[in-house]
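# Chain and residue survey
So the chains spell out like this:
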Amino acid sequence: MSTLINKVLFTRAGYGLTVLRIFVGIIFAAHGSQKLFGALGGYGLAGTAQYMESIGLTPGYVMATLAGGVEFFGGLALIIGLLARPAALGLTFLSLVAIFTVHIGNGLFMANNGYEFALALLGGSIAVLIEGAGKLSVDRAIAG
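This section reports on the structure supplied with the text. (Residues numbered from 1 in each chain as written. Predicted model: local features only at pLDDT ≥ 70, side-chain atom pairs only at ≥ 80, totals over all residues. Heavy atoms only, no water.)

### As for the packing of helix α5 (residues 84-103) against helix α6 (residues 116-131)
Running from amino to carboxyl end, α5 crosses α6 at an angle of 155°, the nearest separation of the two axes being 8 Å. As summarised for this structure, α5 and α6 are arranged roughly antiparallel, according to the angle between their axes. In the packing of α5 onto α6, the handedness of the crossing is left-handed. Residues Ala-84, Arg-85, Ala-88, Leu-89, Leu-91, Thr-92, Ser-95, Leu-96, Ile-99 and His-103 of α5 form the contact with α6, whose participating residues are Ala-118, Leu-119, Leu-121, Leu-122, Ser-125, Ile-126, Val-128, Leu-129, Ile-130 and Glu-131. Of the residues assigned to the contact of α5 with α6, the class counts are 14 nonpolar, 4 polar and 2 charged. (Axes fitted to C-alpha atoms, helices over the stretch in contact; angles between N-to-C directions. Helix = DSSP H or I, 4+ residues; strand = E, 2+ residues; numbered from the N terminus. Parallel < 35°, antiparallel > 145°, perpendicular 65-115°, else oblique. Left-handed = near helix turned anticlockwise from the far one by under 90°. Contact = heavy atoms within 4.5 Å. Nonpolar A, V, L, I, M, F, W, Y, C, P; charged D, E, K, R; others polar.)

### Details of the layout of surface pockets
Of the pockets and cavities examined, the largest pocket occupies roughly 930 Å³. Looking at the largest pocket, it is lined by 33 residues, and the ones nearest its centre are His-31, Lys-35, Glu-71, Ala-98 and His-103. Sorting the residues of the lining of the largest pocket by element identifies α2 (15-37), α3 (44-54), α4 (60-80), α5 and α6 as the ones contributing at least two each. The element contributing the most residues to the lining of the largest pocket is α5, with 9 residues. (1 Å grid on protein atoms, 1.4 Å probe; cavity = no way out; pocket = protein on both sides within 12 Å on 5 of 7 lines; lining within 4 Å. Points joined across faces, edges and corners; volume = space filled by probe spheres on them.)

### Topic: α6
With 16 residues, α6 should cover 22 Å at 1.5 Å per step; its first-to-last C-alpha distance of 23 Å lies within 8% of that length. Restricting attention to buried positions, one finds in α6 the residues Ala-118, Leu-121, Leu-122, Gly-124, Ser-125 and Val-128. Projected down its long axis, α6 carries its buried residues within an arc of 165°, all on one side. Those residues of α6 that are exposed and angled more than 90 degrees off the buried face are Ala-120 and Ile-130. Residues of α6 that are buried sit in contact with α2, α4 and α5. Looking one or two places after α6, you find Gly-132, whose phi comes out positive at around 90°. (Expected span 1.5 Å × (residues − 1). Buried < 20%, exposed > 50% of the residue type's maximum accessible area, 1.4 Å probe, protein only. Arc of directions from axis to C-beta.)

Structure representation (structure tokens):
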């Protein structure tokens, strides 16, 4: 196996990281399904695009598709542990954009639409980025 692929897939992390990865993945996949498909009370691409435009992320439709795609497919990747590090990298950038474009001006706490929840998801994404997918993952099975 090539060195780059092995570095991407390899993990020494244990079951704790596996649990973290799965729960963070579920949350991201659910948020992405709201943006892409209007599932779970979401507004779908049209509504999300309109919101993106209103906060200055243009073109709104492209930004909504990118954000929803990274959340949904990155979340699925975390759930099964396939290409978890690249997925976590995308989700890290997405979380940073959410924090600094939407939440930072509202303070820390969620009660005021603050960045508390996005910060927790950012931490989970960074943990997966650093440690890899954990014991129960497709990445570990492939890397051996």
